[in-house]
Amino acid sequence: MTAPHVTLGEVLLPESGAKQTDKIRERRIAVCGVMASASIPVYNSSNNPLENSSSHNASRESLKMELLADCSLLPGEERIIDKDIIYICPFSGALKGKVFITNYRLYFKSADADPTVTLDVPLGAIGRVEKMGGASSRGENSYGLDITCKDMRNLRFALKQEGHSRRDIFDILFKYAFPLSHGLLLFAYLSQEKFEENGWSVYKPMEEFRRQGLPNDKWRVTFINANYELCDTYPTILVVPFKATEEDLRKVCTFRSRGRIPVLSWIHRDNQAVICRCSQPLVGMSGKRNKDDERYLDLIREANGTAKLTIYDARPSVNAVANKATGGGYEGDDAYQNAELVFLDIHNIHVMRESLKKLKDIVYPNVEESHWLSSLESTHWLEHIKLVISGAIQVADKISGGNSVVVHCSDGWDRTAQLTSLAMLMLDSHYRTLRGFQVLLEKEWISFGHKFANRIGHGDKNHADQDRSPIFVQFIDCVWQMTKQFPTAFEFNERLLVTILDHLFSCRFGTFLFNCESARDTNELRSKTVSLWSLVNSDLSFYQNPFYTPESNRVLYPVASMRHLELWVTYYIRWNPRIRQQQQSPVEQRYIELLALRDEYLKKLEELQLSDSSPNSSHLSNSSTPNAASPTQHITHLHTPF
């Protein structure tokens with residue numbers, strides 16, 4: 001018989017295992033700010049100027065306090081408004097309850113549903129707010145709000161039609177969900193959270209380059225971009241060929257889109273092959289050439305004696321040709337005679353945006369079960385995942401074979417980041433550790449200028465912006481696919497990946513804000529916001545994979561065929577209560593229990609040894625007590641579920 005369930009954030013969890021559930025709740029407060037335990041101090045509503053106590057009766061006030069006790073406010077979070085409302089739940093129907101809106105979240109709790117339904121949505125995850133129906137609309141619950149979220153769910157609320165009852169909540173929600181469009185600060189700048197760890201110290205460029213064995217006699221560190229004068233979307237510290245002068249770099253800069261010249265991302269310690277990243281050359285329709293750029297790529301090739309430098313252009317060839325019309329292009333054989341050009345056929349940001357939109361249509365609110373496989377195929381999402389992974393495999397394989405590569409797309413901040421970081425994840429086991437993965441994201445995505453602000457639209461009301469695209473979500477999906485194929489190779493678990501994506505949108509931390517380092521410096525991000533890694537590194541055990549087995553020199557080659565790729569159900573369909581959520585798989589949970597049991601026995605053994613060495617308790621060595629049962633006695637009571 002199936003155990004009864006309770007609803008947490010509209011996700012069903014088994015009631016059994018009270019201690020486990022309590023731990024999950026406590027950690028969810030830290031991770032997403034979504035659930036709270038009864039021990040949270042009650043918010044003092046009398047301090048809220050919007051509260052008019054004379055117009056509320058005692059029972060309503062009691063309900064309000066109960067709701068606030070359930071919702072743990074973050075330091076710096078302030079309540080803006082509360083309202084009686086009806087949530088049109090796609091799974092349970094219309095549910096009466098109360099909604100609270102703070103400067104960080106929307107929180108709803110049903111009043112009479114059994115089990116209770118709660119919603120806890122960071123306002124940063126809201127992409128669009130629309131009015132539903134009008135004052136004259138007919139039909140039950142036809143007047144209210146439609147909310148489109150960036151995290152694969154939509155919300156619908158109904159209100160009473162008389163007296164413009166939705167005007168205040170719409171205006172407040174619109175204002176605080178899109179603060180930048182209203183001259184307000186993102187919540188990350190208002191947060192007053194404190195953590196044991198300082199996440200901003202995770203990535204130090206010089207330390208990371210030294211770990212790779214740089215600089216050396218072939219590659220040097222340059223500070224030519226210290227003031228972002230060479231390229232305003234690149235980091236300040238770059239690694240370039242030793243023989244390239246500063247003047248060479250300036251000349252190459254004029255021939256690369258956005259000034260994003262080829263620079264080193266990673267070097268193979270043994271064969272010295274390198275991964276370099278850049279943007280497309282500015283060839284144009286007339287087929288322009290630049291001798292400095294051609295010579296510069298030859299310096300990259302010569303650094304480790306590569307016979308022919310491989311240039312991986314992430315785009316389909318037809319797109320690369322089309323880009324000539326706007327002044328871009330690709331490296332032609334006639335100009336770059338010591339290089340071979342390979343197109344990887346990965347589509348652009350617009351195709352990826354539409355693909356994820358189609359995926360959302362078939363998984364939310366209801367999974368299209370009758371034609372599931374054909375519906376999933378029609379989204380092309382897994383096909384795009386396959387092409388990205390396949391491209392990264394080609395890059396990693398070339399490097400393993402001792403051949404240096406250059407990777408670019410159009411501007412070198414979307415598909416390029418996907419390919420370089422995935423290839424580095426395959427080649428370098430350091431990036432598969434918890435802290436190493438953080439360094440990888442900081443380096444290849446954040447410091448090298450993936451346009452997070454444009455792609456996610458933090459605090460921006462313009463939901464139809466053509467710059468929006470799930471490029472980083474797609475990358476994290478590719479990482480998840482690798483963790484499924486190599487379950488012992490990664491120190492981190494799926495929980496870390498979901499946490500990263502949740503806070504990609506939430507605006508609670510500064511980590512993914514703005515487009516590049518220069519913008520972050522201008523906005524004093526590091527001194528005024530908290531890093532996501534401060535949260536993660538303050539409780540590393542929560543994100544650790546218990547099956548992790550360190551292997552320093554192992555190169556991972558995932559299988560990129562459609563038969564071996566699967567939809568990440570626990571992310572894309574997690575809001576559907578029919579998808580039973582388990583915080584851990586039974587095997588993982590059992591393994592953790594056994595590790596805890598081992599630690600318990602080691603502790604008892606240590607205590608016995610200490611007591612045995614004590615002169616006053618030497619008689620204990622020959623006695624047995626019921627409290628110090630042997631491991632064999634304990635293990636006979638264990639029931640393995642697999």
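Analysis parameters
Residues numbered from 1 in each chain as written. Predicted model: local features only at pLDDT ≥ 70, side-chain atom pairs only at ≥ 80, totals over all residues. Heavy atoms only, no water. Helix = DSSP H or I, 4+ residues; strand = E, 2+ residues; numbered from the N terminus. Buried < 20%, exposed > 50% of the residue type's maximum accessible area, 1.4 Å probe, protein only. Contact = heavy atoms within 4.5 Å. Pairing = 2+ DSSP bridges. Axes fitted to C-alpha atoms, helices over the stretch in contact; angles between N-to-C directions. Expected span 1.5 Å × (residues − 1). Polar contact = N/O pair within 3.5 Å; in protein donor to acceptor, adjacent residues only side chain to side chain. Phe/Tyr/Trp six-rings, centres within 6.5 Å; stacked < 30°, edge-to-face > 60°. Lys NZ or Arg CZ within 6 Å of the ring centre and 35° of its normal. 1 Å grid on protein atoms, 1.4 Å probe; cavity = no way out; pocket = protein on both sides within 12 Å on 5 of 7 lines; lining within 4 Å. Points joined across faces, edges and corners; volume = space filled by probe spheres on them. Nonpolar A, V, L, I, M, F, W, Y, C, P; charged D, E, K, R; others polar. Salt bridge = Lys/Arg side-chain N within 4 Å of Asp/Glu carboxyl O. pLDDT = per-residue confidence, 0-100.

1. Considerations on the overall build of the chain
Consideration 1: Within the chain, the regular secondary structure consists of 21 helices and 16 strands.
Consideration 2: The buried share of the chain, taken over its 642 residues, is 54%.
Consideration 3: Residue pairs in contact within the chain that sit at least 24 positions apart in sequence constitute 71% of those at least 6 positions apart.

2. Considerations on the sheet that holds strand β8 (residues 144-149)
Consideration 1: Strand order in the open sheet formed by seven strands is β6-β5-β4-β3-β9-β8-β7, and the pairing between neighbours is antiparallel. Each edge of the sheet is formed by a strand with only one pairing partner; in this case those strands are β6 (118-122) and β7 (126-132). Mean inter-strand twist for the sheet, computed between neighbouring axes without regard to direction, equals 30°.
Consideration 2: With five bridges connecting them, strand β4 (residues 93-102) and strand β5 (residues 105-110) associate as antiparallel partners. Looking across to β5, one finds that V99 is bridged to F108.
Consideration 3: Each of β3 (79-89), β4, β5, β7 and β8 touches helix α3 (residues 167-177); the most contacted strand, β3, lies at about 110° to it.

3. Here we look at unusual backbone geometry
Consideration 1: Cis geometry is found at the peptide bond from D114 to P115, where omega equals 5°.
Consideration 2: Residue P365 is bonded to the preceding Y364 through a cis peptide linkage, with omega at 0°.
Consideration 3: Note on placement: P365 falls in the loop between α8 (349-363) and α9 (372-379).
Consideration 4: Even without a glycine there, the phi angle at E524 is positive, about 50°.
Consideration 5: With respect to the helices, strands and loops of the structure, E524 is situated in the loop between α16 (517-522) and α17 (525-528).

4. A short note on helix α15 (residues 494-506)
Working note: α-helix, 3.6 residues per turn, so residues spaced by three or four point in the same direction.
Consideration 1: In a regular helix each residue adds 1.5 Å, so 13 residues correspond to 18 Å; α15 covers 18 Å between its end C-alpha atoms and thus fits that length.
Consideration 2: Two to three positions downstream of the cap, the backbone nitrogen of R495 sits 3.1 Å from a side-chain oxygen, assigning the N-cap of α15 to N493.
Consideration 3: Just downstream of α15, C507 is the residue with a positive phi angle, here 65°.

5. Overview of the side chain of D428
Consideration 1: Mapped onto the fold, D428 is located in the loop between α11 (415-427) and α12 (434-447).
Consideration 2: Using a relative accessible area of 9% as the deciding quantity, one classes D428 as buried.
Consideration 3: Looking at D428, its side chain comes within polar contact range of the side chain of W266, at 2.9 Å.
Consideration 4: Reaching out from D428, the side chain makes a polar contact with the backbone nitrogen of H430 at a distance of 3.0 Å.
Consideration 5: If we skip the residues at most four places from it in the chain, D428 touches R211 and W266.

6. Some words on the packing of aromatic side chains
Consideration 1: Taken as a whole and assessed by the stated rule, the structure comprises 24 aromatic pairs.
Consideration 2: Each residue in the set W381, W480, W568, Y571 and Y572 is aromatic and connected to the rest through ring pairs, giving one cluster.
Consideration 3: The ring of F170 is capped by K131, whose NZ or CZ atom sits 4.7 Å from the centre of that ring.
Consideration 4: Positioned above the aromatic ring of F542, the side-chain terminus of R495 is 4.3 Å from the ring centre.

7. Quick word on empty space enclosed by the protein
Consideration 1: What the rule picks out here adds up to one cavity of 30 Å³ or more.
Consideration 2: Empty space within the largest cavity amounts to approximately 40 Å³.
Consideration 3: Lining of the largest cavity is provided by H458, H503, L504, F509, T511, F512, L513 and L532.
Consideration 4: Residues belonging to the lining of the largest cavity are distributed by class as follows: five nonpolar, three polar and no charged.

8. Observations concerning the sheet that holds strand β13 (residues 274-278)
Consideration 1: Spatially, β12-β13-β16-β14-β15 is the arrangement adopted by the five strands of the open sheet, whose pairing is mixed. At either margin of the open sheet sits one strand with a lone partner, and together these are β12 (263-267) and β15 (339-343). The mean angle between the axes of side-by-side strands here comes to 25°, regardless of whether they run parallel or antiparallel.
Consideration 2: Of the strand pairs in this sheet, strand β14 (residues 309-313) and β15 are connected by five bridges, and their pairing is parallel. Residue D313 lies in a different strand from β15, and its bridge partner there is F343.

9. Thoughts on the pairing of strand β10 (residues 219-222)
Consideration 1: The two faces of β10 match: W219 and V221 on one face and R220 and T222 on the other face are all buried.
Consideration 2: For β10 and strand β11 (residues 238-241), the ladder comprises four bridges, and the chain directions are antiparallel. When the bridges of β11 are listed, T222 appears paired with L238.

10. Digging into the pattern of salt bridges
Consideration 1: Taken as a whole and assessed by the stated rule, the structure comprises 36 salt bridges.
Consideration 2: For R211, the salt bridge goes to D428, with nearest N and O atoms at 2.8 Å. One end of the pair, R211, is in helix α4 (residues 205-211); the other, D428, is in the loop between α11 and α12, and 217 residues separate them in sequence.
Consideration 3: Across the salt bridge formed by K443 and E444, the nearest N and O atoms sit 2.8 Å from each other. There is no split in this pair, since K443 and E444 are both buried.
Consideration 4: What you see here is one network of salt bridges that share partners, running through R79, D82, D84 and K98.

11. Section: the environment of Y591
Consideration 1: Within the secondary structure layout, Y591 lies in helix α20 (residues 586-613).
Consideration 2: Sequence separation of Y591 and F547 is 44 residues, and the distance between their C-alpha atoms is 8.2 Å.
Consideration 3: Excluding residues that lie within four positions of it along the chain, Y591 makes contacts with P546 and F547.

12. A closer look at the confidence of the model for the chain
Consideration 1: Here the chain shows a mean pLDDT of 86. Residues at 70 or above account for 83%.
Consideration 2: Here residues 1-59 is a poorly scored stretch, pLDDT under 50, and it has 113 contacts once near neighbours within four places are set aside; other chains count.
Consideration 3: Across residues 618-642, confidence stays below pLDDT 50; counting only partners more than four residues off in sequence or on other chains, it has 18 contacts.

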